[in-house]
Amino acid sequence: RVKGASLPLTSVIVTPNPASELVSVQLGGLQRTDVLISLIDLSGRVIEEKTITAGSTLGFFELQSVYSGNYLLKVTSGSSIETIQLVVQHLEIF
């Protein structure tokens, strides 16, 4: 197995979850290739994509303009794909 070639689910940390303003995606260990992270709604529409460049471990999504609800974070590293559920909860102010 080549280090950095695959990305096991246990090596991806999404925090906080549920999130309201900002969510971070932390990868375990430096990546040898770019990692694409897609924020996807449950209808399959890609809301936003970020790339964590080779040699980095951290990416962020700002969620202020994303509606409250359930989403998926799809993490793609080479041929390895991991999907993590993300809950966005904005505080309701009346």
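Residues numbered from 1 in each chain as written. Predicted model: local features only at pLDDT ≥ 70, side-chain atom pairs only at ≥ 80, totals over all residues. Heavy atoms only, no water.

1. Examining the overall build of the protein
Here is step 1 of the chain: Check the secondary structure of the protein and you find zero helices and seven strands.
Here is step 2 of the chain: Going through the 94 residues of the protein one by one, you find that 34% of them count as buried.
Here is step 3 of the chain: The contacts in the protein between residues at least 6 apart in sequence include a share of 55% that link residues at least 24 apart.
Here is step 4 of the chain: Within the structure as shown, the protein displays about 5,800 Å² of accessible surface, and the carbon and sulfur contribution to it stands at 55%. (Helix = DSSP H or I, 4+ residues; strand = E, 2+ residues; numbered from the N terminus. Buried < 20%, exposed > 50% of the residue type's maximum accessible area, 1.4 Å probe, protein only. Contact = heavy atoms within 4.5 Å. Areas by Shrake-Rupley, 256 points an atom, 1.4 Å probe, with all protein chains shown as cover.)

2. Thoughts on the environment of Arg32
Here is step 1 of the chain: Position of Arg32 relative to the elements: it lies in the loop between strand 2 (22-27) and strand 3 (35-41).
Here is step 2 of the chain: Residues Arg32 and Ser77, spaced 45 residues apart in sequence, show a C-alpha to C-alpha distance of 9.4 Å.

3. Points about the pairing of strand 6 (residues 69-77)
Here is step 1 of the chain: Taken together, the six bridges between strand 3 and strand 6 define a ladder with antiparallel strand orientation. Bridged to Leu36 within strand 6 is Thr76.
Here is step 2 of the chain: Bridging between strand 6 and strand 7 (residues 80-88) involves nine bridges; their strand directions are antiparallel. Across the sheet, Ser77 pairs through a bridge with Ser80, a residue of strand 7.
Here is step 3 of the chain: Following strand 6, the chain reverses through two residues before pairing antiparallel with strand 7; Gly78 in that reversal takes a positive phi of roughly 65°. (Pairing = 2+ DSSP bridges.)

4. A closer look at the environment of Val35
Here is step 1 of the chain: Positionally, Val35 belongs in strand 3.
Here is step 2 of the chain: Sequence separation between Val35 and Ile81 is 46 residues; the distance between their C-alpha atoms is 9.8 Å.

5. Thoughts on the pattern of salt bridges
Here is step 1 of the chain: A full pass over the atoms with the stated rule returns two salt bridges.
Here is step 2 of the chain: Ionic pairing is found between Asp41 and Arg45, a salt bridge with its closest N-O pair at 3.4 Å.
Here is step 3 of the chain: Judged by its relative accessible area of 53%, Arg45 is exposed.
Here is step 4 of the chain: Among the salt bridges present, the one from Lys50 reaches Glu48, with a minimum N-O distance of 3.3 Å.
Here is step 5 of the chain: Note on Glu48: relative accessible area 26%, which makes it partly exposed. (Salt bridge = Lys/Arg side-chain N within 4 Å of Asp/Glu carboxyl O.)

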